[in-house]
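# Report on the structure
If you want the building blocks of each chain, they are given just below.
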Amino acid sequence: MATILVIKEQLKRFYGKFDVYVMAVLKFIGALVVLMLINSNIGYMERLKNPAIVVIASLVCSIIPVGGMVLLCAAFVLAHFYTVSLELAGVALVLFLLMFLLYIRFDSSLGYIVLLTPVLFWLKIPYLMPLLAGLTGGVGAAVPAGMGVIIYYFLDYAKTNAPALSNSTTETLLQNLTLIIDGLVQNKLMMLMVVAFIVTTIIVFCIKSLSLDYSWPIAIGTGMVVNMVILLVGEFSLDLSGSVMGMIVGNLIAAAIMFVLQYFIFAVDYTRTEHVSFEDDDYVYYVKAVPKMSVSTPHVNVKRINAQRTKRQS
């Protein structure tokens, strides 16, 4: 525990000195990972798979806002889809436009959730997202979390059905459009995941915002249970075939990761909680003050010993 707090203080001190450069590096790495995953999963346009283009695009993302990163990644997806079929790119464009309107309306700074959700699905730890979104974002974080789920399943559908959609003609245009829309709308598993992520994100945010001791750990544990219950009930009600054990293990891993990250994001000492009250002419205020955990970073003093001087004195 003390070691984690020391590392946290060192990271905070380092970030305070070089915050501009740290954010640029983190955005570059994040964009690089996202673009590489896009190319590896739906890389139909060979030009965009060129490492030089990926690096240049990532460098651009390092100096633009998160909303710009979302737009650039969406442009990569549209270019890959256009290589497969015009219908696929058209449906993706309409879907992205609708999502961007909702996403900008709530909070454009939450674009990292839209980008991170498909990445976590590809990394096999998707259940981390509703916990992370609920703890680090507001109630509006539920919207980009749900949008990220839709984007992932749409990309997965395109990856699976690309061979059938690539041979499109004028006669099959309407048929392919109907096939794509039906594949998206009739995906019961996607709808279930959207509901689970939205509900879990809202519940986690509401609990962590309460004036309770250990509200963050309680929010993480409750969110994990709520997410599992929704998915279990949904899978049995909709007769979906899925790995129940995999889902349970995935939620446990996600909760364990969030318990560790909590000490870096929100580590407080509830044993030193203070209750303060004061008043003015109109109100009486009752304040609960919980100090954050902090430790002083160790300072190492190095003493130099002149070996030649010591030898002469002897």
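Structure shown above.
## Describing the environment of Ser209
Here Ser209 is to be found in the loop between helix H9 (188–208) and helix H10 (215–237). Sequence separation between Ser209 and Gly134 is 75 residues, and the spatial gap between their C-alpha atoms is 9.9 Å.

## Thoughts on the environment of Leu88
Mapping Leu88 onto the fold places it in helix H4 (residues 86–106). For Leu88, a relative accessible area of 0% corresponds to the buried category. Between the C-alpha atoms of Leu88 and Phe154, which are 66 residues apart in sequence, the distance is 10.0 Å. Apart from the residues within four sequence positions on either side, Leu88 is in contact with Phe81, Phe154, Ala158, Leu165 and Ile180.

## Quick look at a nonpolar patch on the surface
Taken together, the side chains of Ile7, Leu11, Val260, Leu261, Phe264 and Ile265 present a nonpolar region at the surface, about 460 Å² in accessible area. Those elements that provide at least two residues to the nonpolar patch are helix H1 (2–42) and helix H11 (244–265). With four residues, the single largest contributor to the nonpolar patch is H11. Topologically, Ile265 is positioned in helix H11.

## Concerning the nonpolar core
Core analysis: the largest hydrophobic core is formed by 76 residues, its most contacted members being Phe81 and Phe154. Looking at which element gives the most residues to this core, the answer is helix H7 (residues 142–166), with 12 residues. With sequence-adjacent residues up to four places away left out, Phe154 is seen in contact with Phe81, Leu88, Val91, Ala92, Leu95, Ile180 and Leu184.

## Considering the packing of aromatic side chains
For any pair of aromatic rings, geometry is given as the distance between the ring centres together with the angle between the planes. For the coordinates displayed, the defined rule picks out seven aromatic pairs. With centroids separated by 6.0 Å and ring planes inclined at 20°, the aromatic side chains of Phe121 and Phe197 adopt a geometry described as stacked. Within this pair, whereas Phe121 is found in helix H5 (residues 111–122), its partner Phe197 is found in helix H9, the two being separated by 76 residues in sequence. Residue Phe121 is classed as buried on the basis of its relative accessible area, which comes to 8%.

## Looking at a negative patch on the surface
A contiguous patch of negative charge, built from Glu279, Asp280, Asp281 and Asp282, is present on the exposed surface. Classification of Glu279 by relative accessible area gives exposed; the value is 61%.

## Here's the deal with the packing of H5 against helix H6 (residues 128–136)
The contact between H5 and H6 brings their axes to 10 Å, and the two run at 160°. Considered as vectors, H5 and H6 are oriented roughly antiparallel to each other. Along this stretch, H5 crosses H6, giving a crossing that reads as right-handed. Between H5 and H6, the residues in contact are Tyr112, Ile113, Leu116, Thr117 and Leu120 and Leu128, Met129, Leu132, Ala133 and Thr136, respectively. A breakdown of the residues in the contact of H5 with H6 according to their chemical character gives eight nonpolar, two polar and no charged.

Thresholds applied
Residues numbered from 1 in each chain as written. Predicted model: local features only at pLDDT ≥ 70, side-chain atom pairs only at ≥ 80, totals over all residues. Heavy atoms only, no water. Helix = DSSP H or I, 4+ residues; strand = E, 2+ residues; numbered from the N terminus. Buried < 20%, exposed > 50% of the residue type's maximum accessible area, 1.4 Å probe, protein only. Contact = heavy atoms within 4.5 Å. Patch = residues over 30% accessible without salt bridge, like charges linked within 9 Å, V, L, I, M, F, W, Y side chains within 5 Å. Areas by Shrake-Rupley, 256 points an atom, 1.4 Å probe, with all protein chains shown as cover. Salt bridge = Lys/Arg side-chain N within 4 Å of Asp/Glu carboxyl O. Core = buried A, V, L, I, M, F, W, Y, C linked by side-chain atoms within 4.5 Å. Phe/Tyr/Trp six-rings, centres within 6.5 Å; stacked < 30°, edge-to-face > 60°. Lys, Arg positive; Asp, Glu negative; His and termini not counted. Charge placed at Lys NZ, Arg CZ, Asp CG, Glu CD. Axes fitted to C-alpha atoms, helices over the stretch in contact; angles between N-to-C directions. Parallel < 35°, antiparallel > 145°, perpendicular 65-115°, else oblique. Left-handed = near helix turned anticlockwise from the far one by under 90°. Nonpolar A, V, L, I, M, F, W, Y, C, P; charged D, E, K, R; others polar.

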